[in-house]
Amino acid sequence: MPHTTIGCAYIPPNHEASTYLNFCKSVDEAVGCGRGSDSLLIVGDFNLPHTDWLDDSSYFDISSRHIMNMAAFHDLKQCNGIANQRGVTLDLVFSSVAATEVTHAVDVLLTEDRHHPALDIALSLDLRTTRPCTRYIPDFRKCDFNMVFSGLQTLSLPYIDNSDEVEPKFSLFCQYLSSIIERSTPLKRIAETHFPKWFSRRFIYLIIEKKAAHKRFKTSGNFLNREIFLRLCWRCKYLASDCHRNYISKIEESIPHNIKSFWAHVNNLKCNSSMPLEMGLNGSVAGDSSSICNLFAQHFSSVFSNPAIDIPSFDFGWNSTLSRITLSATDVQRALEDLDHSKGTGPDEIPPAILKYCAPVLALHLSLLFNSLLGAGIFPSCLKTGFVVLIFKKGDRTEISNYRPIVIQSSLAKVFEAPVLEKLQFYLNPFIHESQHGFLPGRSAISNLLLFQEFVMSSFVSAYQVDCIYLDYSKAFDRVHHDLLIAKLEGYGVGGKLLDWLRSYLKDRSLVVKCS
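This is a predicted model, so every value here is computed, not measured. (Residues numbered from 1 in each chain as written. Predicted model: local features only at pLDDT ≥ 70, side-chain atom pairs only at ≥ 80, totals over all residues. Heavy atoms only, no water.)

A separate point is the overall build of the chain. Per the secondary structure count, the chain includes 15 helices and 13 strands. Computed over the C-alpha atoms, the radius of gyration of the chain is 31 Å, more than 25% above the 24 Å expected from 2.2 N^0.38 for a compact globule of 516 residues. By principal-axis analysis of the C-alpha atoms, the chain measures approximately 90 × 70 × 50 Å. When each of the 516 residues of the chain is scored for burial, the buried share is 34%. Sequence-distant contacts in the chain: of pairs separated by 6 or more residues, those separated by 24 or more amount to 72%. For the chain, the exposed area adds up to about 32100 Å²; of that, 55% sits on carbon and sulfur atoms. For the chain, the centre of its 51 positive side-chain charges and the centre of its 53 negative side-chain charges are spaced 7 Å apart. (Helix = DSSP H or I, 4+ residues; strand = E, 2+ residues; numbered from the N terminus. Rg over C-alpha atoms; globule rule 2.2 N^0.38 Å. Buried < 20%, exposed > 50% of the residue type's maximum accessible area, 1.4 Å probe, protein only. Contact = heavy atoms within 4.5 Å. Areas by Shrake-Rupley, 256 points an atom, 1.4 Å probe, with all protein chains shown as cover. Lys, Arg positive; Asp, Glu negative; His and termini not counted. Charge placed at Lys NZ, Arg CZ, Asp CG, Glu CD.)

If you want it as structure tokens, here you go:
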């Protein structure tokens, strides 16, 4: 069953800010030393009448700021907005449960104090039984890169007689690469923990030791055991401050070169940042991970449409043609070295950091395989699978249509695509209007806005009128008709096996939705 920690507090009026600070430290220690909770509820009389907790723009004094920081640290929200007869709120209700309702009690047990209205507090909790989950995943950070490099050096270069064996040989190469990486990578144990992320291993052991000392003291009542327990409490108190200070300093220092650590810290503070327990789509409601993923897959697949239409033959009057692309080992090595080593793996479990490290030995193998695939007009099926991760946009978190998909694909697919796109773009550059700024190297929304600003300012100086039309095409890229796109590329002179490769690239793809 889920575990809820409930705390009750009373702080007398006109106490110094240090009293509130000590209370917050006590909450931190109590939460950290407990067995871990699915939810936390703190109620009581805090005697902070001049603080409007429901207005984020209101002024907070030092005492209120301590309480506010404690609430933010444990992802608590002040849920009580019921004032007493003087129009102030002395009793506060801090809850980590989003669905917490505080109402004025109708049926009171005792005579109601005019300073403290009777309250009913209702929490909506998930009563499903949860079990600790322990799993093992590859620890690519500790992978023996030299072992992978040496294993690839012993591999013979691929020799392909005909186009029928191109894709099978590429799949075998990917399997061999995966097997070398698997043998060179240790496993990392991932287990659920109830301790905050900033707890050091030494601090965790000290907390366990303190709890054992407390149990011995309660059982025996021995004065010596009491002294040992108090001494451990004192050490835990100061070590907690050191651990948290060191953790925050580490996060701050990593921001300039690794902003992901900062956002990981922010997400870690949000206990409710995971997917809702129940999600819906067009009246259908799902309550488990598998059903939620199926609803997402249903929604995303419904967005794409490929209606049966008559595909016209396009001719844009361009005399030049492009029917074949050849990739050199230098092209492939440059694509390998351009990979972001901090990115995670795709469905093939091949991390980009290893591909980047092994670029000098991989480049020749991959260039031969890629050229054979281009010559056969085939994009390999093993690179057509992708993971779909969900990004919340806005609105109700339980509504599946309020999320957008991001596809995580294989790193080898990126290596294959990049040099082909570079050569294809060089050919198509004359057809691209100079005012196009999206999806072009060296251009972006920023460059577009700068030019637009310059145009508007110069028009104002010349007393010209400027009219603007803003268009937003719903699901524009998801609804591109693939056959129509191929026909337009053919009208621009793209043909032969290159057009077959592009057609193969677009067809028979599969996506797997991942919910966390």
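Together, Leu 157, Leu 364 and Leu 368 give the surface a local cluster of nonpolar side chains, amounting to about 240 Å² of exposed area. If you trace the backbone, Leu 157 turns up in the loop between helix H3 (145-153) and helix H4 (166-184). Leu 157 gets classed as partly exposed once you look at its relative accessible area, which sits at 46%. (Patch = residues over 30% accessible without salt bridge, like charges linked within 9 Å, V, L, I, M, F, W, Y side chains within 5 Å. Salt bridge = Lys/Arg side-chain N within 4 Å of Asp/Glu carboxyl O.)

Here we come to the packing of helix H5 (residues 201-220) against helix H6 (residues 223-254). Two measures define how a pair of helices packs: the angle their axes make with one another and the distance between the axes. Taken N-terminus to C-terminus, the directions of H5 and H6 make an angle of 155 degrees; their axes are 9 Å apart at the nearest point. Judged by the angle between their axes, H5 and H6 are roughly antiparallel. Between H5 and H6 lies a crossing of left-handed hand. Packed against H5, whose contacting residues are Arg 202, Phe 203, Leu 206, Ile 207, Glu 209, Lys 210, Ala 213, His 214, Arg 216, Phe 217 and Ser 220, the element H6 presents Asn 225, Arg 226, Ile 228, Phe 229, Leu 232, Cys 233, Arg 235, Cys 236, Leu 239, Ala 240 and Cys 243 at the interface. (Axes fitted to C-alpha atoms, helices over the stretch in contact; angles between N-to-C directions. Parallel < 35°, antiparallel > 145°, perpendicular 65-115°, else oblique. Left-handed = near helix turned anticlockwise from the far one by under 90°.)

Further remarks concern the sheet that holds strand E13 (residues 510-513). Spatially, the three strands line up as an open sheet ordered E12-E11-E13, and their pairing is mixed. Edge strands, defined here as strands with exactly one partner in the open sheet, are strand E12 (403-409) and E13. Averaged over neighbouring strand pairs, the angle between their axes works out to 40 degrees when direction is ignored. Against the sheet, helix H8 (residues 289-303) contacts strand E11 (385-392), E12 and E13, and its axis sits at roughly 95 degrees relative to E12. (Pairing = 2+ DSSP bridges.)

All told, the structure shown has seven salt bridges when counted by the stated rule. Between Arg 334 and Asp 331 there is a salt bridge; the shortest N-O distance is 3.3 Å. You can see Arg 334 and its partner Asp 331 sitting in helix H9 (residues 329-337), three residues apart, about one turn around the helix. The class for Arg 334 is partly exposed, based on a relative accessible area of 34%. Overall, Asp 331 belongs to the buried group, its relative accessible area being 12%. Notably, a salt bridge pairs Glu 422 with Arg 334, separated by 3.6 Å at the nearest N-O pair. A residue pair is termed long-range when its members are at least 10 positions apart, and Glu 422 in helix H12 (residues 411-428) and Arg 334 in helix H9 qualify at 88 residues. By relative accessible area, which is 47% here, Glu 422 ends up partly exposed.

Next up on the list: a positive patch on the surface. There is a patch of like positive charges on the surface, built from Arg 141, Lys 142, Lys 188, Lys 197 and Lys 250. Within the secondary structure layout, Lys 197 lies in the loop between strand E8 (187-191) and H5.

Summarising the element assignment, Lys 211 is placed in helix H5. Spatially, the C-alpha atoms of Lys 211 and Glu 16 are 31 Å apart, while their sequence positions differ by 195 residues.

This brings us to the sheet that holds strand E3 (residues 77-78). Overall, mixed pairing links the four strands, which are arranged E1-E2-E4-E3 in an open sheet. Only two strands of the sheet have a single partner each, and these edge strands are strand E1 (4-10) and E3. In this structure, strand E2 (residues 39-45) lies alongside strand E4 (residues 91-95), joined through five bridges in antiparallel fashion. Counterpart to Leu 41 in the pairing with E4 is Ser 95.

Relative to the 28 Å expected for 20 residues at 1.5 Å per residue, H5 spans 29 Å between its end C-alpha atoms, a close match to the ideal helical length. Restricting attention to buried positions, one finds in H5 the residues Phe 203, Ile 204, Leu 206, Ile 207, Lys 210, Ala 213 and Phe 217. Taken from the residues just after H5, Gly 221 is the one with a positive phi, measuring 70 degrees. (Expected span 1.5 Å × (residues − 1).)

A word on the nonpolar core. The biggest cluster of nonpolar side chains holds 49 residues, and the ones touching the most others in it are Leu 336, Leu 366, Phe 370 and Phe 416. Put simply, the parts of the chain that give this core at least two residues each are H3, H4, H9, helix H10 (352-357), helix H11 (359-376), H12, helix H14 (482-491) and helix H15 (496-506). Considering every element that reaches this core, the biggest residue donor is H11, with nine residues. Look past the residues within four positions of Phe 416 in its chain and what remains in contact with it is Leu 327, Phe 370, Leu 373, Leu 374, Phe 379, Pro 380, Leu 383 and Trp 501. Of all hydrophobic cores here, the second largest spans 17 residues; its members include Ala 9, Tyr 20, Leu 40 and Trp 53. (Core = buried A, V, L, I, M, F, W, Y, C linked by side-chain atoms within 4.5 Å.)

A few words on the pairing of E11. Residues in a regular strand point their side chains to alternate faces of the sheet. Pairing between E11 and E13: four bridges, direction parallel. Its bridge partner being in E13, Thr 385 is matched across the sheet by Ser 510. As paired elements, E11 and E12 share seven bridges and run antiparallel to each other. Note that in E12 the partner of Val 388 across the bridge is Val 407.

Attention now moves to the pairing of E4. Most of E4 is tucked away, with five of its five residues classed as buried. Neither face of E4 is left uncovered, since the one carrying Asp 91, Val 93 and Ser 95 and the one carrying Leu 92 and Phe 94 both have all their residues buried. Bridging between E3 and E4 involves two bridges; their strand directions are antiparallel. In the strand pairing of E4, Lys 77 is matched with Ser 95.

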